[in-house]
Amino acid sequence: MGVQIHIHREDLPEIMGHLRSLGVGWVKVQVSWKLYESQPGQYTDRFGELDRLVSLAEANDIEVLLGVSKAPEWSRPTTELDGPPGDYNLFTTFMTTLASRYQGRVTAYELWNEPNLQREWNGSPLSAADVVRLIAAGAAGVRAADPQAILISAAPATTGINDGVTAIDDRVFLRGMLEAGIADQVDTIGVHPYGWANPPDSSFAEPDPDVPSHNNHPSFFFANTLKDYAALLEAHDVDKSLWVTEFGWGSFEGIENDEGGPAAPPAGAEFMNNVSEWQQAEYITRAFELGQQSENIGPMILWNLNFGPTLGNAFSESGYSVLRPAGSPRPSYLSLQNATNR
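Residues numbered from 1 in each chain as written. Predicted model: local features only at pLDDT ≥ 70, side-chain atom pairs only at ≥ 80, totals over all residues. Heavy atoms only, no water.

(A) Region of interest: the packing of helix α6 (residues 170-179) against helix α7 (residues 222-235). Contact pair α6 / α7: the axes reach a minimum separation of 10 Å and the direction vectors enclose 25°. Considering their axes alone, α6 and α7 lie roughly parallel with respect to each other. Considering how the two elements wind past one another, α6 and α7 form a crossing that is right-handed. Contact with α6, carried on its side by Asp170, Arg171, Leu174, Arg175 and Leu178, involves Asn224, Thr225, Asp228, Tyr229, Leu232 and Leu233 of α7 and no other residues of that element. Looking at the contact of α6 with α7 residue by residue, the classes come out as five nonpolar, two polar and four charged. (Axes fitted to C-alpha atoms, helices over the stretch in contact; angles between N-to-C directions. Helix = DSSP H or I, 4+ residues; strand = E, 2+ residues; numbered from the N terminus. Parallel < 35°, antiparallel > 145°, perpendicular 65-115°, else oblique. Left-handed = near helix turned anticlockwise from the far one by under 90°. Contact = heavy atoms within 4.5 Å. Nonpolar A, V, L, I, M, F, W, Y, C, P; charged D, E, K, R; others polar.)

Next comes the structure, spelled out in structure tokens:
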């Protein structure tokens, strides 16, 4: 069990106290490459924060997973949205630098994030084969510096969209990655099985009748995503585990607006109105249980711990946070405390 955190300008000892309280064995940090390498070979003070986080995790016997994506603007053909570098060798260089700095201290690296989305792969057409080429370049950098580190393939986003421009369906994209040889480049396969407002035991074939939206595609169901990915691996004779590098359920219940009344989720996240705080807690705990019952599921990283206090009440990320914007624990936080203690 693990959780993703935000570390920029945060009280890292306080965050580590939360991780100890939750009893998690993993922590994930998203490394936005563009914020760490401002110009070729010029690195920012963000590394100082990451250094401190890695040291604190070591001292508390917590494994570190770094997800790396978002090429710097100087490396890309366009500065709009986020995307890959024009020269994939630049990713090799950055990953060599990163893995050298944390050799033997960072356990795993997830190479890129949700590359089936235009907003994460802008500047080039969406392409599973190109993603595998980029991952291979990043993997070569890590292997050169830290051969023992675990490499995780970029998890596609579950959107229910397959227009080829905004997004490619995650199952279609993963199939393309497998056909392009992703299994030869990584140790495990990344997956982001978000459930939207659907309970973790619910399925596309048998949806919960009380959930009014995001129930018309298998990608919206936690259980379907894990089952379908496992079937794709089996069909391609790939014997690798699925690492759940992001998952969660969003709820805006208990989050206040600036006037002290109930805050509404932002546009596009209205489905969070269909998840109460107690349901959020129940769904997260149940998802961890389901993962632990499966032989092909590796570590599961909950998204997220502290984006609520960091971003406030205007962002959908806060709905997924197990801490409210004011910093108090939500029922999901307390549920995980009790679950891990048992």
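Picking up after the structure, the text goes on.
(B) Fine view of the layout of surface pockets. Here the largest pocket is characterised by a volume of approximately 1400 Å³. In this structure, the largest pocket is lined by 46 residues; those nearest its centre are Glu114, Arg119, Glu120, Trp303 and Glu317. Tallied by class, residues from the lining of the largest pocket come to 22 nonpolar, 15 polar and nine charged. Empty space within the second largest pocket amounts to approximately 250 Å³. As for the second largest pocket, its lining consists of Phe222, Ala223, Asn224, Leu226, Lys227, Ala230, Leu290, Gly291, Ser294, Asn296 and Ile297. Elements represented by at least two residues in the lining of the second largest pocket include exactly α7 and α8 (277-293). Ranked by residues supplied to the lining of the second largest pocket, first place goes to α7 with six residues. (1 Å grid on protein atoms, 1.4 Å probe; cavity = no way out; pocket = protein on both sides within 12 Å on 5 of 7 lines; lining within 4 Å. Points joined across faces, edges and corners; volume = space filled by probe spheres on them.)

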